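Below, each chain spelled out in residue letters.
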Amino acid sequence: MYEQLKAYEGRAAATAGVGKDLVNEPMIRHWCEAVGDTNPAYAGPGAIAPPTMLQAWTMGGLSGHSDRSGAYDELFALLDGAGYTSVVATDCEQEYLRPLRPGDRITFDAVIESVSERKTTRLGTGYFVTTRMDVRAAGEAAGTHRFRILKYTPAAVRRGAGPGGPAGVKEGGRSLRPRPVINRDNAGFWQGVAQHKLLIQRCRECETLRFPWLPGCNECGCQEWDTVEASGEGTVFSYVVMHHPPFPAFGASDDAGPYAVALIELAEGVRMVSNVVGVPYDKVRTGMPVRLEFLRTDPELELPVFRGSEG
């Protein structure tokens, strides 16, 4: 199986792709508002797009792209046929070569860069597939985007728990939430959670607060920082209700959902994604006041969540 998959390395995943929209100010504005980025470089005369929007200009949306190669579809059909039908994105890497500006026409090529040997993870057993996209703006090299996914067979699922079929990964007879990825950049945040503290980074140079945790300040570039403890007060800035796929670990009583996922605006001005608890999912509203609490989801995991009030 691995030799068959390995043969796809180096083959094109997309050729002569064209972004569906020019780089444009409305998309830049929406992006900055969504992530709370007020960097003046992204607005006004001479504005550039946030570098991390690199992939946004190449995405095909719900209608997809017509320039995806046959090799890419063949690779996925081979994995699906062997039982590796589930997929999860694991990470991406980006390199920026030139700023993108409103009016730039984005073109790109993509290649299947690598397929790993079979790996066993907590989710299940499968293969990591990495694609590399080379992005151009007005014909000039603008950046590189590597995207890695895991195509896998779930380790264990409980079937028939709801209308969606598989109800979630099981361990010891119960559904577990996905584990957070803890690294050197965010370890301090999770240490705070363990002490029932919600810690926000603060730049030592300009004192700008930032969340999620980052190695440097978006405002001034300083890499020195300390923390402030959030008061725990906040409001729902926006939210979505997850109906599918069913995942009992997020349901109120192991019932697979639906459940609300909200972008919470803290009293300190930063925003974070979390669950709203204490109210039915269909009662969550934009502007709803919420209060921080810590929820133990299983013996190994405790998470910050926000309790809402219908009143």
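Bear in mind that the values here come from a model prediction, so they are computed numbers and not experimental data.

### Some details on the packing of aromatic side chains
Following the criterion strictly, the structure yields 6 aromatic pairs and no others. Residues Phe189 and Trp190 carry aromatic rings whose centres are separated by 5.1 Å and whose planes lie at 80 degrees to one another, so their mutual orientation is edge-to-face. Like Trp190, Phe189 is buried. Ring centres of Phe189 and Phe211 lie 5.4 Å apart, and the angle between their planes is 65 degrees; on these two criteria the pair is classed as edge-to-face. Taken together, the positions of Phe189 in helix H4 (residues 187-194) and Phe211 in the loop between strand E10 (209-210) and strand E11 (225-229) put the pair 22 residues apart, joining distant regions of the chain. Phe211 carries the same exposure label as Phe189, and that label is buried. Three or more aromatic residues joined by ring pairs make a cluster, and in this case those are Phe189, Trp190, Phe211, Trp213 and Trp225. We note Arg271 situated over the ring of Phe237; from NZ or CZ to the ring centre the distance is 3.6 Å.

### Brief notes about the nonpolar core
The tendency in soluble globular proteins is for nonpolar side chains to be buried as a group. Judged by nonpolar contacts, the single largest core of 31 residues is most densely connected at Ile28, Trp57, Leu75, Leu100 and Ile112. Breaking this core down by element, the ones donating at least two residues are strand E1 (12-18), helix H2 (25-35), helix H3 (70-81), strand E3 (106-115), strand E5 (124-137) and strand E6 (140-154). Setting aside residues no more than four positions away along its own chain, Ile112 makes contact with Tyr8, Glu9, Gly10, Arg11, Ala13, Ala71, Tyr72, Leu75, Val129, Thr130 and Thr131. Core analysis: the next-biggest nonpolar cluster, separate from the first, contains 27 residues, Ile200, Val236, Met272 and Phe294 among them.

### Some details on the side chain of Asp37
For Asp37, the location among the structural elements is in the loop between H2 and H3. This buried residue, Asp37, is left without a salt bridge; Arg271 holds the nearest opposite charge, at 11 Å. Separated by 3.1 Å, the side chain of Asp37 and the backbone nitrogen of Asn39 make a polar contact. The residues touching Asp37, leaving out its near neighbours within four places in the chain, are Cys32, Tyr42 and Asn218.

### Notes on the pairing of strand E15 (residues 289-298)
When strand E12 (residues 233-242) meets E15, the two strands line up antiparallel, connected through 3 bridges. Directly across from Glu233, in E15, lies its bridge partner Arg291. Between E15 and strand E16 (residues 301-308), which pair antiparallel and follow one another directly, the connecting turn spans 2 residues.

### A closer look at the sheet that holds strand E9 (residues 199-203)
Within a beta sheet, neighbouring strands are joined by backbone hydrogen bonds and run either parallel or antiparallel to one another. If you trace the 3 strands from one edge of the open sheet to the other, you get E10-E9-E11, paired in antiparallel fashion. On the outer flanks of this sheet lie E10 and E11, each paired with one strand and no other. For E9 and E11, the ladder comprises 5 bridges, and the chain directions are antiparallel. Within E11, the residue paired with Arg202 across the bridge is Asp226.

### So, unusual backbone geometry
Residue Phe211 is joined to Pro212 through a cis peptide bond whose omega torsion reads 5 degrees. Relative to the elements of secondary structure, Pro212 occurs in the loop between E10 and E11. The phi dihedral of His196 is positive, around 60 degrees, even though this residue is not glycine.

### Structural notes on the pattern of salt bridges
Opposite charge on two side chains permits pairing when their charged atoms draw close. As enumerated under the stated definition, the model contains 17 salt bridges in all. Asp80 is paired through a salt bridge with Lys151; the nearest N and O atoms lie 2.5 Å apart. Of this pair, Asp80 sits in helix H3 while Lys151 sits in strand E6, and the two are 71 residues apart along the sequence. Of the charged contacts in the structure, one is a salt bridge between Asp298 and Arg179, with a shortest N-O distance of 2.9 Å. One end of the pair, Asp298, is in strand E15; the other, Arg179, is in the loop between strand E8 (174-175) and H4, with 119 residues separating them in the sequence. On the accessibility criterion, Arg179 (26% relative accessible area) is partly exposed. Through salt bridges that share partners, Glu113, Arg132, Asp134 and Arg146 make up one connected network.

### What about the environment of Pro50?
Looking at where Pro50 falls in the secondary structure, it is placed in the loop between H2 and H3. With a relative accessible area of 3%, Pro50 lands in the buried category. For Pro50, the residues in contact, after removing those within four places along its chain, are Ile28, Trp31, Cys32 and Tyr42.

### A few points about the confidence of the model for the protein chain
Per-residue confidence for the protein chain gives a mean pLDDT of 88, with 90% of residues at or over 70. Ranking the elements of the protein chain by mean pLDDT puts strand E7 (residues 170-171) last with 54 and E9 first with 97. With pLDDT under 50 throughout, residues 157-168 is counted as low confidence; its partners more than four residues away or in other chains account for 23 contacts.

### Focus: the side chain of Asn24
Counting through the fold element by element, Asn24 comes out in the loop between E1 and H2. Side-chain polar atoms of Asn24 contact the backbone oxygen of Leu22, separated by 2.8 Å.

Scoring rules and cut-offs
- Residues numbered from 1 in each chain as written.
- Predicted model: local features only at pLDDT ≥ 70, side-chain atom pairs only at ≥ 80, totals over all residues.
- Heavy atoms only, no water.
- Phe/Tyr/Trp six-rings, centres within 6.5 Å; stacked < 30°, edge-to-face > 60°.
- Buried < 20%, exposed > 50% of the residue type's maximum accessible area, 1.4 Å probe, protein only.
- Helix = DSSP H or I, 4+ residues; strand = E, 2+ residues; numbered from the N terminus.
- Lys NZ or Arg CZ within 6 Å of the ring centre and 35° of its normal.
- Core = buried A, V, L, I, M, F, W, Y, C linked by side-chain atoms within 4.5 Å.
- Contact = heavy atoms within 4.5 Å.
- Lys, Arg positive; Asp, Glu negative; His and termini not counted.
- Salt bridge = Lys/Arg side-chain N within 4 Å of Asp/Glu carboxyl O.
- Polar contact = N/O pair within 3.5 Å; in protein donor to acceptor, adjacent residues only side chain to side chain.
- Pairing = 2+ DSSP bridges.
- pLDDT = per-residue confidence, 0-100.

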